[in-house]
Amino acid sequence: MWLPLCSTSRTACRRSYAAALLKCPRHWGNANASVFSHSAGPAARTSKALLFRKHGDPSHVVQLEDVELPPIGPTDVLVKMLAAPINPSDINMIQGTYAILPDLPAVGGNEGVAQIVEVGGQVTSLKAGDWVIPKDAGLGTWRTVAVLAEDDVISLPNDIPLLSAATLGVNPCTAFRMLSDFEDLKPGDSVIQNAANSGVGQAVIQIAAARGISTINVVRDRPEFTQLSDRLKAMGGTHVIKEEVLRRPEMKELFKICPKPKLALNGVGGNSATELLRHLQYGGSMVTYGGMAKKPVTVPVSALIFKDVKVRGFWVTQWKRDHSSDGKAFRAMLDELCLLVQQGQLTAPACTEVGLQDYSEALDTAMQPFTSAKQVLIM
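Here the structure is a predicted model, which means the values were calculated and not measured.

1. Let's talk about the sheet that holds strand β2 (residues 62-68)
- The strand order across the open sheet built from 3 strands is β2-β1-β4, with neighbouring strands paired in antiparallel fashion. Looking at strand neighbours, the two that pair on one side only are β2 and β4 (106-107), the edges of this open sheet.
- Sheet analysis places strand β1 (residues 46-52) next to β2, joined by 7 bridges and oriented antiparallel. For Leu51, the partnering residue across the bridge sits in β2 and is Gln63.

2. Some points on a negative patch on the surface
- A cluster of acidic side chains, namely Asp57, Asp358, Glu361 and Asp364, defines a negative patch on the protein surface.
- With respect to the helices, strands and loops of the structure, Glu361 is situated in helix α13 (residues 359-366).

3. Re helix α6 (residues 199-210)
- Between its terminal C-alpha atoms α6 stretches 17 Å, which fits the 16 Å expected from 12 residues at 1.5 Å a residue.
- By the criterion of burial, α6 is predominantly enclosed, with 10 of the 12 residues buried.
- Here α6 has its buried residues at Gly199, Val200, Gly201, Gln202, Ala203, Val204, Ile205, Gln206, Ile207 and Ala208.
- Next to the buried residues of α6 lie α5 (171-181), β9 (190-193), β10 (214-219), α7 (225-234), β12 (263-266) and α12 (328-342).
- Positioned one or two residues after α6, Gly212 has a phi angle of 75°, which is positive.

4. Structural notes on the packing of aromatic side chains
- Considering all chains together, one arrives at 3 aromatic pairs under this definition.
- Here the aromatic rings of Trp319 and Phe330 are separated by 6.5 Å at their centres, their planes lie at 75°, and the arrangement is edge-to-face. Placement of the pair is Trp319 in helix α11 (residues 316-322) and Phe330 in helix α12, with a sequence separation of 11 residues.
- With a relative accessible area of 6%, Phe330 lands in the buried category.
- Over the ring of Phe176 we find Arg211, and its NZ or CZ is 4.9 Å from the ring centre.
- Directly above the aromatic system of Phe225 lies the positively charged group of Lys242, at a separation of 4.9 Å from the ring centroid.

5. Here's the deal with the sheet that holds strand β14 (residues 310-313)
- With parallel pairing, 6 strands are arranged side by side in an open sheet as β11-β10-β9-β12-β13-β14. At either end of the open sheet lies a strand with only one pairing partner, and these are β11 (239-242) and β14. Neighbour-to-neighbour, the strand axes of the sheet open up by a mean angle of 20°, direction not taken into account.
- Pairing analysis gives 4 bridges linking β12 to strand β13 (residues 285-288), with the strands arranged parallel. Paired with Ala264 across the two strands is Met286, which belongs to β13.

6. Some thoughts on the confidence of the model for the protein
- Averaged over all residues, the pLDDT of the protein is 88; the fraction at 70 or higher stands at 88%.
- Taken as a whole, residues 1-44 scores under 50 in pLDDT and shows 109 contacts with residues more than four places along the chain or in a different chain.

7. Quick word on the side chain of Gln206
- With respect to the helices and strands, Gln206 occurs in helix α6.
- Judged by its relative accessible area of 4%, Gln206 falls in the buried class.
- Sequence-distant contacts of Gln206, that is, excluding residues within four places in its chain, are made with Met235, Gln345, Leu346 and Thr347.

8. Overview of a nonpolar patch on the surface
- A cluster of nonpolar side chains, contributed by Val301, Leu304, Ile305, Phe306 and Val311, occupies part of the molecular surface with about 510 Å² of accessible area.
- Ranked by the residues each element gives to the nonpolar patch, the list is headed by helix α10 (residues 301-306), at 4 residues.
- Here Val301 shows up in helix α10.
- By relative accessible area, Val301 is classed as exposed at 56%.

9. Focus: the state of the cysteines
- For the structure on display, the rule yields 0 disulfides.
- In this model Cys173 remains outside any disulfide bridge; the closest cysteine sulfur is found in Cys338, 9.0 Å from its own.
- When its relative accessible area of 0% is taken as the criterion, Cys173 is described as buried.

10. A few points about unusual backbone geometry
- Here the bond from Leu104 into Pro105 is cis, since omega is -5°, no more than 30 degrees from zero.
- Positionally, Pro105 belongs in the loop between α3 (88-95) and β4.
- In the Ramachandran plot, Ala195 falls in the positive-phi region, its phi being about 50° despite a non-glycine side chain.
- Overall, Ala195 belongs to the buried group, its relative accessible area being 7%.

Reading the values: rules and limits
Position numbers for residues start from 1 in each chain and track the written sequence from start to end. At least 70 in pLDDT is required for a residue's local features to be given in this predicted model, at least 80 for side-chain atom pairs to be given and counted, and no such filter applies to totals for whole chains, interfaces and linings, which use all residues. Hydrogen atoms and water are omitted, and side-chain values are computed over all heavy atoms in the structure. Should DSSP find at least two bridges between two strands, the strands are taken to pair. The helix and strand labels rest on DSSP assignments: H or I over at least four residues marks a helix, E over at least two residues marks a strand, and numbering proceeds from the N terminus. Patch membership is restricted to residues that have no salt bridge and whose relative accessible area is over 30%. Joining uses 9 Å for like charges and 5 Å for the nonpolar side chains Val, Leu, Ile, Met, Phe, Trp and Tyr. Where accessible areas are quoted, they stem from the Shrake-Rupley method and a 1.4 Å probe; at the residue level, only the protein chains shown are allowed to cover. The salt bridge criterion pairs a side-chain nitrogen of Lys or Arg with a carboxyl oxygen of Asp or Glu, the two atoms within 4 Å. For the charge count, each Lys or Arg is scored as positive and each Asp or Glu as negative, with His and the chain ends excluded. Here the site of a charge means NZ on Lys, CZ on Arg, CG on Asp, or CD on Glu. Expected helix span is computed as 1.5 Å times (number of residues minus one). Each residue is assigned to one of three classes by its accessible area relative to the maximum for its type, calculated with a 1.4 Å probe on protein chains only: buried under 20%, partly exposed between the two thresholds, exposed over 50%. Note on definitions: a residue-residue contact is assigned when non-hydrogen atoms from the two residues lie within 4.5 Å. Here the aromatic set is Phe, Tyr and Trp, taking the six-membered ring for Trp, and pairing holds for ring centres within 6.5 Å; pairs whose planes are under 30 degrees apart are stacked, those over 60 apart are edge-to-face, and all others are tilted. Any Lys NZ or Arg CZ found within 6 Å of a ring centre and within 35 degrees of that ring's normal is scored as a charge over the ring. Only C-alpha atoms enter the line fits that serve as axes; for helices the fit covers just the stretch in contact. Angles between N-to-C directions range over 0 to 180 degrees. Per-residue confidence from the predictor is reported as pLDDT, a score between 0 and 100. Disulfides are defined in this document as cysteine sulfur pairs within 2.5 Å.

Printed below as a string of structure tokens:
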């Protein structure tokens, strides 16, 4: 997803192009239509991409630019991006604070859904019309068209809602793995989580509900708390409480009707994480997947000695890389998530659809506190 020039292998060179994009016709519904602009001849293969040439404030460093499309190789696919969300990790990558950073200049965005337009002669697993999402971070999804390796993407059914497909690869996968890999949760068990209104939090609520697992959902106080609480309960949340309630006697009353949680999911850090630990049952686990408070996790000695709690971390990008050799685990997870979507048990988080040309407003909104809807770029 970075600009040429490149003298290394084809795969490395392809991934170092600053987006495989082109000026596409307006009528993308015609699967047989050429995706190339004929007005300037066959060499005119460019399209729009949100590029950043240095790290910094996204509102200052991200620009909408035309970039060149590399040729389609025998194991490549040409895709039309349909929709791509703006996630906190995308913002952190642009700021230069994320765990992995691309070579610059780079195209923003790590998640999204695309439709296959054309496949190389040796491609066997995909065909024109298929919907695909990236297998890993770093492909650069904030662009209209891309040439990608067949192995860089994985297919989804194209009968699920567009926004569900666009937001499936990060937050629901994170929620799925944390609910599956750290404690043996059974129907009737409970999980406690902060950041319950985040994309991960909403996915946790729905996947847990589908498995018969109760959730205690912690959110920061806000003027519209009642509306938020009602919305989280409507999607399957068992209990919704404010952060300050974690230290109040009300928790003892709550645990008279709900078992103490085996699992705590921490996306905030700081005091919020410490309070989650206090309510774990003996031998339970707290899994940290985010740090919105930008404060360290403090673990009381008593929690380790007298409750034998386990403190773990999770990063879905690393999980995907650890399971990339055969892809079966990722495929099985996506199939299960898509089935939940098709059954109406897993919906996309609240989203605001924004045209690519309005990216500046979308970036600004995505960085505001208490943002209630995920910004999704529609190409």
